[in-house]
2 protein chains.
Amino acid sequence: MSDFVNVAVDAMGGDNAPVETVKGAVEAITADKRVKVFLVGREPVIKEELKKYNYDSAQLEIVHAEEVIETGEPPVMAIRQKKESSIVKGMQMVRDGACDALVSAGSTGAVLVGGQVIVGRVKGVERPPLAPIIPNINGVSLLLDCGANVDAKPSQLLQFAKMGSIYMEKVIGICNPRVGLVNIGVEEEKGNALTKETYPLLRDCRDINFIGNVEARDIPLGTADVLVCEAFAGNIVLKMLEGVSDALIHKIKAGMMSSLKSKIGALLVKPALKKTLKSFSTEEYGGAPLLGLNGLVVKTHGSSKAVEIRNSILQCIAFKEQKINEKIREQMVLDD
Amino acid sequence: MSDFVNVAVDAMGGDNAPVETVKGAVEAITADKRVKVFLVGREPVIKEELKKYNYDSAQLEIVHAEEVIETGEPPVMAIRQKKESSIVKGMQMVRDGACDALVSAGSTGAVLVGGQVIVGRVKGVERPPLAPIIPNINGVSLLLDCGANVDAKPSQLLQFAKMGSIYMEKVIGICNPRVGLVNIGVEEEKGNALTKETYPLLRDCRDINFIGNVEARDIPLGTADVLVCEAFAGNIVLKMLEGVSDALIHKIKAGMMSSLKSKIGALLVKPALKKTLKSFSTEEYGGAPLLGLNGLVVKTHGSSKAVEIRNSILQCIAFKEQKINEKIREQMVLDD
């Protein structure tokens with residue numbers, strides 16, 4: 001195997017495939033010579049897209065996959081039956097070691113199921129969490145779990161805290177990351193049965209830097225680097241973050257167009273505003289890794305543009321070089 | 001009893017009491033001749049504050065209460081022991097019919113406990129939900145439950161949907177309000193055990209206009225008028241809404257100060273921006289009613305300013321005139 005960080009990219013996944021997936025792949029290999037991308041999908045379509053670009057052909061390969069898993073398909077059946085789909089083929093490449101990672105903007109359900117069934121869990125990991133990086137006013141936090149499996153157990157939340165801490169420290173570079181338990185009050189006794197049982201597990205764990213409960217209100221302030229919760233709560237946090245940002249920006253833009261004076265003002269603030277809003281967009285930070293698998297699987301937004309695909313691919317470099325999976329494996333052995 | 005809508009106001013509750021509570025009370029009686037306010041709290045302090053204002057003394061009375069329940073106190077014990085507190089005295093006035101409603105910016109726990117223990121539930125109501133009005137890009141929605149009791153039952157969520165529909169139709173004036181179940185996907189089979197069991201109850205209920213599951217991402221778009229969820233989820237929705245708005249506004253303001261050009265632009269857009277942000281602030285819409293009690297109890301933010309106190313008091317007029325509690329009582333009898 002080469003010295004490249006080999007990343008399979010689901011060329012057919014997402015609303016903007018293959019245009020944006022191929023573009024993002026080319027941008028990634030242009031940005032970093034350490035990456036080789038394997039574009040998995042319908043070869044003629046990918047070839048046609050690639051004609052638009054100049055790139056180093058040593059860094060790019062096409063892997064033909066005839067089928068595509070659609071967003072609406074029941075994930076378990078899709079993974080089982082569509083053996084020739086871009087997601088299944090990409091996952092197999094990770095499982096077989098031909099690739100270090102798969103990046104997909106396709107069906108979340110299929111990515112989650114395929115990750116567990118094809119790539120497989122690290123021994124000891126009870127549930128691999130889907131862990132998006134979310135912006136806060138000072139930087140970013142990791143939010144886990146945002147997957148499809150709700151009603152988690154306290155022992156699973158403890159594992160999320162450990163895996164999330166490793167990821168934030170080694171991939172994002174935050175030393176001794178602060179772990180917070182998403183809750184409806186800061187006091188230890190607050191919350192539901194799950195948070196009440198999880199709190200002492202996190203408090204007594206010596207492998208993490210637990211700072212206590214974090215109220216949703218403080219999440220955008222960046223109070224914690226690693227935010228632990230079960231997937232129902234995580235989904236609400238993530239979707240509210242995206243929904244409120246979008247709604248507020250929509251309102252602000254409409255408000256600025258309400259008079260001639262404010263229209264002129266809007267022209268003047270536009271560049272600064274654009275930069276600000278970019279730093280608060282979830283799409284800027286690459287996709288969400290599915291942690292605890294025998295290889296890296298990154299799920300990006302279904303609406304991903306090239307920038308998110310590119311950033312997700314580049315994120316795989318640190319993941320490999322920092323040997324994240326080895327570290328998670330060691331942690332699980334320690335706990336055994 | 002007079003023809004007034006009689007509202008007890010906890011003059012001592014909240015971070016800005018008594019300055020803002022007294023101010024808000026005076027503003028309310030000045031704004032509407034139908035209201036009479038009973039300022040409950042330490043008489044000398046209230047009297048001193050009232051010296052600042054001119055008002056119609058027929059519309060205002062002071063009810064002395066020596067004690068104050070602090071935010072940190074265990075609520076059950078505080079309600080039991082501090083018989084002379086402003087919250088307990090105000091609640092007793094509602095229970096005894098001397099007042100139609102109590103407005104308090106004090107301890108949420110004490111308000112929730114006191115509401116149940118002193119004012120008492122309407123017969124048939126399993127759990128009185130705390131129901132804040134939240135802004136969306138086109139208007140407002142009612143979010144229930146945001147109380148302190150988590151892990152609700154499906155039958156309770158069904159009651160929330162019914163009480164919330166009555167409130168939105170009669171107090172806010174939204175005809176045939178759309179009821180949505182807060183969930184992590186729109187399909188019926190999505191979610192956790194609670195949402196899966198609740199969905200068919202809401203779908204089959206003929207007293208409400210159920211539109212299905214609502215993802216958190218669509219809450220700020222105003223997809224539903226009545227948002228039903230248990231309190232853990234509701235708390236996250238509410239606090240994310242507030243937290244993301246504040247964080248984004250902070251970022252935008254800082255961004256606009258980053259260059260001379262954008263500073264000039266900021267001056268020009270400021271009035272329009274202020275108006276926009278005001279319409280998206282949770283404080284503009286008055287407090288959260290605790291529904292299903294034998295009288296109205298409204299909890300406002302701990303950080304309430306006069307505007308929120310005033311709006312909360314004025315909200316009580318429609319609640320009384322539209323006979324909301326009678327309608328809730330009828331609904332519960334129907335279900336019996």
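Basis of the calculations
Residues numbered from 1 in each chain as written. Chains lettered and ligands numbered in written order. Predicted model: local features only at pLDDT ≥ 70, side-chain atom pairs only at ≥ 80, totals over all residues. Heavy atoms only, no water. Helix = DSSP H or I, 4+ residues; strand = E, 2+ residues; numbered from the N terminus. Rg over C-alpha atoms; globule rule 2.2 N^0.38 Å. Buried < 20%, exposed > 50% of the residue type's maximum accessible area, 1.4 Å probe, protein only. Contact = heavy atoms within 4.5 Å. Pairing = 2+ DSSP bridges. Axes fitted to C-alpha atoms, helices over the stretch in contact; angles between N-to-C directions. Least-squares fit on C-alpha atoms with pLDDT ≥ 70 in both. Polar contact = N/O pair within 3.5 Å; in protein donor to acceptor, adjacent residues only side chain to side chain. Parallel < 35°, antiparallel > 145°, perpendicular 65-115°, else oblique. Left-handed = near helix turned anticlockwise from the far one by under 90°. Buried area = accessible area lost by both parts, 1.4 Å probe. Salt bridge = Lys/Arg side-chain N within 4 Å of Asp/Glu carboxyl O. Nonpolar A, V, L, I, M, F, W, Y, C, P; charged D, E, K, R; others polar.

K.L.:
Even after reading the chapter, I still don't get the overall build of chain A, so can you show me in this structure?
P.N.:
Scanning chain A from terminus to terminus reveals eleven helices and eleven strands. Taken against the 2.2 N^0.38 rule, which gives 20 Å for 336 residues, the C-alpha radius of gyration of chain A at 20 Å falls within 12% of a compact globule. Principal-axis analysis of the C-alpha atoms gives chain A an extent of 65 × 60 × 35 Å. Considering chain A as a whole, with its 336 residues, one finds that 59% of them fall into the buried category. Intrachain contacts of chain A at a sequence separation of at least 6 include 72% that bridge at least 24 residues.

K.L.:
Teacher, can you tell me more about the sheet that holds strand 2 (residues 35-41) of chain A here?
P.N.:
Across a sheet, paired strands are connected by hydrogen bonds in the backbone, their directions being either parallel or antiparallel. Residue and element names in this part refer to chain A. Spatially, the six strands line up as an open sheet ordered 3-2-1-4-11-10, and their pairing is mixed. Only two strands of the sheet have a single neighbouring strand rather than two, namely strand 3 (60-64) and strand 10 (288-290). Strand-to-strand twist in this sheet, taken as the mean axis angle between neighbours without regard to direction, amounts to 25°. Sheet strands in contact with helix 5 (residues 108-119) are strand 4 (101-104), strand 10 and strand 11 (296-299), and its direction is about 175° off that of strand 11.

K.L.:
I would appreciate a short explanation of the relation of the copies chain B and chain A in the present structure.
P.N.:
Think of it as a corkscrew move, a rotation about one axis and a shift along it, taking one chain copy to the other. Of the two same-sequence chains, chain B is brought onto chain A (RMSD 0.0 Å, axial shift 0.0 Å) by a rotation of 180°. These values place the two chain copies in the arrangement generated by a two-fold rotation axis. For chain B, the smallest separation between a C-alpha atom and the rotation axis is recorded for G265 of chain B, amounting to 1.9 Å. Interface overlap between copies is the fraction of interface residues in one copy that are interface residues in the other; for chain B against chain A it reaches 100%, indicating a shared surface.

K.L.:
Sorry, what's going on with the environment of N209 of chain B here?
P.N.:
Residues and elements named next belong to chain B. In this fold, N209 is placed in strand 8 (residues 209-215). Note on N209: relative accessible area 22%, which makes it partly exposed. Taking the C-alpha atoms as reference points, N209 and A224, 15 residues apart in sequence, are found 10.0 Å from one another. Leave out the neighbours within four places in its chain, and N209 touches N176, P177, R178 and V179. At 3.0 Å, the side chain of N209 and the backbone oxygen of N176 are in polar contact.

K.L.:
What exactly am I supposed to notice about the packing of helix 1 (residues 19-31) of chain A against helix 10 (residues 306-321) of chain A here?
P.N.:
Helices that pack against each other are described as a pair by the angle of their axes relative to one another and the distance between those axes. Residue and element names in this part refer to chain A. The contact between helix 1 and helix 10 brings their axes to 7 Å, and the two run at 45°. One element, helix 1, and the other, helix 10, form an angle in the oblique class. Seen along the crossing, helix 1 lies across helix 10 with a hand that is right-handed. Across the interface between the two elements, E20, T21, K23, G24, A25, E27, A28 and A31 from helix 1 touch A306, I309, R310, I313 and L314 from helix 10.

K.L.:
What exactly am I supposed to notice about the interface of chain B and chain A here?
P.N.:
Reports of interface size often rely on the accessible area that becomes lost once the parts have come together. Contacts between the two partners involve 51 residues from chain B, matched on the other side by 51 residues from chain A. Summed over both partners, the interface of chain B with chain A buries about 4700 Å², with 77% contributed by carbon and sulfur atoms. Across the contact surface, chain B and chain A share six salt bridges. Linking E242 of chain A and R217 of chain B is a salt bridge whose minimum nitrogen-to-oxygen distance equals 3.6 Å. Among the elements of the structure, strand 7 (178-183), helix 7 (193-203), helix 8 (231-256) and helix 9 (260-279) of chain B are those that each provide at least two residues to the side of chain B that touches chain A. The dominant element in the side of chain B that touches chain A, judged by the number of residues it contributes, is helix 8 of chain B, at 21 residues. For the side of chain B that touches chain A, the class distribution of residues is 29 nonpolar, 14 polar and eight charged.

K.L.:
Can you walk me through the side chain of N235 of chain B in this structure?
P.N.:
Here N235 of chain B is to be found in helix 8. Those residues in contact with N235 of chain B, other than ones at most four positions away along the chain, are I184 of chain A together with C146 of chain B.

K.L.:
What should I look at first to understand the sheet that holds strand 2 (residues 35-41) of chain B in this one?
P.N.:
All names here are of chain B. The sheet built from six strands is open, its strands ordered 3-2-1-4-11-10 with mixed pairing. If you trace the sheet from one side to the other, it starts and ends with strand 3 (60-64) and strand 10 (288-290), each paired once. Averaged over all neighbouring strand pairs, the angle between strand axes comes to 25°, with direction disregarded. As paired strands, strand 4 (residues 101-104) and strand 11 (residues 296-299) are joined by four bridges and run parallel to one another. Residue pairing in the sheet places V103 in a bridge with V298 of strand 11.

Purely spatial values, then, with no claim about function.
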